[in-house]
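Observations on the model geometry
Here's the letter readout for the chains.
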Amino acid sequence: MSTNGKVAAAFEELAVLSEILGANGFKVSALRKSARTIEALTSDACAMSAADLGALDGIGASTIAKIAEFAKTGSMTELAELHAQVPAGLTQLLQIQGLGPKTVRSLWTDLQVVDLATLKVAIDTGAISKLPRMGPKSVENLKEGIAFLEQSRGRIRIGEALPIAEALLRDLGALPTVQRLAYAGSLRRGKETIGDIDVLAASTDASALMEAFRTRADVAKVLVTGETKTSILTKHGVQIDLRVVALDRFGSALLYFTGSTEHNIRLRERAIAQHMRLNEYGIFHANEDGAVAEGALPIASVEEADIYAVLGLQYVPPTMREDRGEIDAFATGETAPAVVEIKDIRAELHCHTVASDGEMSIDEIVSHAQERGFHTIAITDHSKGQAQANGLDEARVLQHIEAIHAARVRFPKMQIWAGSEVDILSDGSLDYDDELLAKLDWVVASPHAALKQESSIGTARLLRAIRHPLVHVIGHPTGRIVNGRPGLELAMDTLFAAAKEHGTALEINAQHLRLDLKDTDVRGAMRAGCMIAIDCDVHGATDFDELRFGVMTAQRGWLPASQCLNAMDAVSLDAWRSRKRRS
Ligand code: DGT
Ligand code: CA
Ligand code: CA
Ligand code: ZN
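Residues numbered from 1 in each chain as written. Chains lettered and ligands numbered in written order. Predicted model: local features only at pLDDT ≥ 70, side-chain atom pairs only at ≥ 80, totals over all residues. Heavy atoms only, no water.

**Details of the pattern of salt bridges**
Condition: Each reported salt bridge corresponds to a side-chain nitrogen of Lys or Arg within 4 Å of a carboxyl oxygen of Asp or Glu. For helices the rule is a DSSP run of H or I covering at least 4 residues; for strands it is a run of E covering at least 2, with both sets numbered from the N terminus onward. Any residue under 20% of the maximum accessible area for its type is buried, any over 50% is exposed, and the rest in between are partly exposed; the area is computed with a 1.4 Å probe on protein chains only.
Enumeration over the complete set of coordinates arrives at 33 salt bridges. When the shortest N-O distance is used, the salt bridge between Glu192 and Arg480 registers 2.7 Å. Residue Glu192 is found in the loop between helix H11 (185–189) and strand E3 (193–194), and its partner Arg480 is found in the loop between strand E14 (473–474) and helix H21 (492–502); the two are separated by 288 residues along the sequence. Residue class for Arg480 comes out buried when judged on its relative accessible area of 10%. One salt-bridge network, held together by shared partners, links Arg189, Glu322, Arg324, Asp519 and Arg556.

So, in structure tokens, the structure goes:
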């Protein structure tokens, strides 16, 4: 947030708290007006003279004094005083759709409601109906608002957030006045869960842009709106922050709002050490006392890469901006780590046909893989223990192998392997015997049940599968579901060492529900020298699109293409496959 944004937010907060405390309407609207005026300023309010501020519409002496105090101390005494008078849980109620400061005040003074819990009590006991304008319909709306707030708290999976952001960018990008548009934040960094979606835009008509954003069909509630920032909640409970920035400062704003905060702190420290200053408006020369001269133009601000270059760094991909050693690794002159990219992926090594729980026939899956420019596909339907997924018994496996091999004549350019996703049973044995496994071209072994085993037992179970000479890859090694279940708690370093020793690959299951291995474990496996398969675990045609989540997770684990099976050429991959079973 820029200083103006912070000052405006402070005035808005003053207005809300005053209203809850029962201040007169003139005072409340004056505070709101100050907030809007400051928010819309094109120069830094804290750096403006009292005379210049006073000339602005709606800015009086007390506002000027508060801005001066904020410029000096970074806070406002009055704000702290008001906060001390209002229970913290009370202001949180404002997030409930349709609940404004006036009603919150009545809830507090008439019914002694101080937070969400006491509000629920007031609703359950019927006390709420004592308030004016609280008929049965309003109470019903309030209940819905509470349920919605509770459900929308917390983080959503990246696979849910990314399509929302893409649809938004498509819509806003269609406005002729929009010059540049990007999503930033954790979404751009490819984190497995997203707190809120951050979008940046440069536009010749900011108010038309904000209007278009606020009035989209998907919007359930506008949380804040102003000239430079609008925050909304979607009907699915996702918060989206849209910020308008200057076109010639887009790169620095994108860098700032992509984060992570920790990465940005490192960059700012580096700037200071080189007598420069980095902020969301650019990278600047600093004068003797470390400040930026007023009106100074940035050394770089249009593209992120230029700012990195000024700092003596190569461009750091967003997925690696977590302060996990990337600043040193990307210093100019170093050989920066090159991570695997979507375009490197040429094989899918884990997929299911209608034979088990997939939606496509063998030919349909193979043609999808071919259309995506892949050279290899391994078809890996479930083993017999997965009865609910129509897992194949021995007789069906033998038929299936023949059917898969028969497809080779119809797809002469594709390398097609008959495989299985064989269940790793709770003791680490596999769901098929070795004789059958040996007949398969490709074996992915995965845990599906008993995912709450004690760590030592789970680790021994996985170790047994890793050591099995006929297994190529361990599929979704922990069995976790993002935001769903934790999965097996394993001694990862032990598994990585064994996987390296036995040449068994570990999977990054690219399904956004799984992302298993997760980013930090990918980093561990990468360092241990393991081979990694990034697989979409395809059940339907759209699952191929999950690849990007797997690749971002791989990048977050610094995985180079050279350690990714799916990035090998067809001949090398086939050689790896046969060598694996000989060793
Ligand atoms: P999230 O939304 O919880 O998944 O995580 P982020 O990383 O998207 O965080 P968010 O939405 O709070 O802010 C987006 C980025 O903006 C964040 O990664 C860094 C930057 N940023 C926001 N506020 C601040 C701040 O007060 N200080 C610093 N240094 N950076 C900030
Ligand atoms: Ca965010
Ligand atoms: Ca945000
Ligand atoms: Zn599976």
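**So, the packing of helix H10 (residues 158–173) against helix H23 (residues 547–556)**
What counts, and what does not: Only the contacting stretch of a helix is used when fitting its axis, a line to C-alpha atoms as for every element, and angles between N-to-C directions run 0 to 180 degrees. Angles are sorted into four bins: roughly parallel if under 35 degrees, roughly antiparallel if over 145, roughly perpendicular if 65 to 115, and oblique for all others. Handedness of each helix crossing follows the sense of rotation of the near helix against the far helix: counterclockwise by less than a right angle gives left-handed, clockwise gives right-handed. Residue contacts follow a heavy-atom distance rule, with two residues in contact if any of their heavy atoms lie within 4.5 Å. We call Asp, Glu, Lys and Arg charged. Ala, Val, Leu, Ile, Met, Phe, Trp, Tyr, Cys and Pro are nonpolar, and the rest, Gly among them, are polar.
Between H10 and H23, whose axes approach to 11 Å, the crossing angle comes to 110 degrees. Relative to H23, the element H10 lies roughly perpendicular. Both H10 and H23 take part in a crossing whose hand is right-handed. Contact with H10, carried on its side by Ile158, Gly159, Leu162 and Glu166, involves Arg548, Phe549 and Met552 of H23 and no other residues of that element. Taken together, the residues of the contact of H10 with H23 sort by class into 4 nonpolar, 1 polar and 2 charged.

**Quick word on the domain arrangement of the protein**
Operational definition: Where a domain begins and ends is set by an automatic assignment or by a domain database.
Under the domain assignment used here, the protein contains domain 1 (1–86), domain 2 (92–143), domain 3 (156–244), domain 4 (249–329) and domain 5 (342–582). For domain 1 versus domain 5, the separation of C-alpha centres amounts to 57 Å.

**Quick word on the coordination of the calcium ion (ligand 2)**
For clarity, the threshold we go by: The donor set comprises N, O and S atoms within 2.8 Å of the metal, extended to 3.2 Å for Na, K and Ca; water molecules are omitted, so apparent gaps in a site may simply reflect that omission. Note on geometry labels: four donors, all angles 85 to 135 degrees, give tetrahedral; four donors become square planar and six octahedral when opposite donors are over 155 degrees apart and every other angle is between 65 and 115; remaining cases are irregular.
At the metal site, the calcium ion (ligand 2) is ligated by Asp196 (O), Asp196 (OD) and Asp198 (OD), and these contacts range over 2.2 to 2.6 Å. Metal-centred angles of 69 to 166 degrees between the 6 donor atoms at the calcium ion (ligand 2) mark the site as irregular. In this structure, the calcium ion (ligand 2) lies 3.7 Å away from the calcium ion (ligand 3), the two metals sharing Asp196 as a donor. Look at Asp198 and you get buried, because its relative accessible area is 11%.

**Concerning the site of ligand 1**
Quick reminder of the rule: Whether a residue is near a molecule or strand depends on its heavy atoms: it is near if one of them lies within 4 Å of it. Polar contact is the term for a pair of N or O atoms within 3.5 Å; when the atoms are in protein, one must be able to donate a hydrogen and the other to accept it, and sequence-neighboring residues count only if both atoms are side-chain atoms. Using a 1.4 Å probe, the Shrake-Rupley method yields the accessible areas, and only the shown protein chains count as cover for residues. Points on a 1 Å grid, built from protein atoms alone, make a cavity when a 1.4 Å probe fits but cannot get out and make a pocket when they are open with protein on both sides within 12 Å along at least 5 of 7 lines; residues with an atom within 4 Å of a point are the lining residues. By definition, a pocket or cavity contains a molecule when more than half of the molecule's atoms lie within 2 Å of the pocket's grid points.
Lining the immediate environment of ligand 1, one finds 15 residues, of which Arg155, Ser186, Arg189, Gly195 and Asp196 sit closest. Contact distances for ligand 1 include 2.9 Å between an oxygen atom and a side-chain N or O atom of Asp198. Bound to the protein, ligand 1 loses 71% of the 590 Å² it would expose on its own. Judged by its atoms lying within 2 Å of the grid points, ligand 1 is housed in the second largest pocket. Within the residue set of the shell around ligand 1, elements represented by two or more residues are H11, helix H13 (250–258) and helix H14 (261–273). Classifying every residue of the shell around ligand 1 gives 3 nonpolar, 7 polar and 5 charged. The two domains that each donate at least three residues to the shell around ligand 1 are domain 3 (156–244) and domain 4 (249–329).

**Brief notes about the side chain of Thr380**
Mapping Thr380 onto the fold places it in strand E11 (residues 376–382). Among residues more than four places away in sequence, those in contact with Thr380 are Leu349, His350, Cys351, His352, Gly419, Ser420, Glu421, Trp442 and Val444.

**A short note on the coordination of the calcium ion (ligand 3)**
Around a metal, the idealised angle for a tetrahedral arrangement of four donor atoms is 109.5 degrees; for an octahedral arrangement of six donor atoms it is 90 or 180 degrees. Note on the calcium ion (ligand 3): its protein donors are Asp196 (OD), Asp196 (OD), Asp198 (OD) and Asp241 (OD). The metal-donor distances range over 2.3 to 2.7 Å. Read from N- to C-terminus, the donor residues coordinating the calcium ion (ligand 3) fall into the pattern D-x1-D-x42-D.

**Quick word on the packing of helix H20 (residues 455–467) against H21**
Running from N to C, H20 and H21 point in directions that differ by 10 degrees, and their axes come no closer than 9 Å. When the axes of H20 and H21 are compared, the pair comes out roughly parallel. When H20 is examined against H21, the residues Thr459, Leu462, Leu463, Ile466 and Arg467 are found in contact with a partner set consisting of Thr494, Leu495, Ala498, Ala499 and His502.

**Some words on the sheet that holds strand E2 (residues 178–183)**
To be explicit about the condition: Any two strands are treated as partners once DSSP identifies two or more bridges connecting them.
Judged by pairing direction, the sheet is mixed, and its 5 strands sit side by side in the order E2-E4-E7-E6-E5 without closing on themselves. The outermost strands of the open sheet, each flanked by one partner alone, are E2 and strand E5 (219–225). When the angles between neighbouring strand axes are averaged without regard to direction, this sheet yields 20 degrees. In the packing of helix H12 (residues 206–214) onto the sheet, contacts are made with E2, strand E4 (197–203), E5, strand E6 (229–234) and strand E7 (239–244), and the angle to E7 comes to roughly 170 degrees. Packed onto the sheet, H13 meets E2, E4 and E7 and runs at close to 175 degrees relative to E4.

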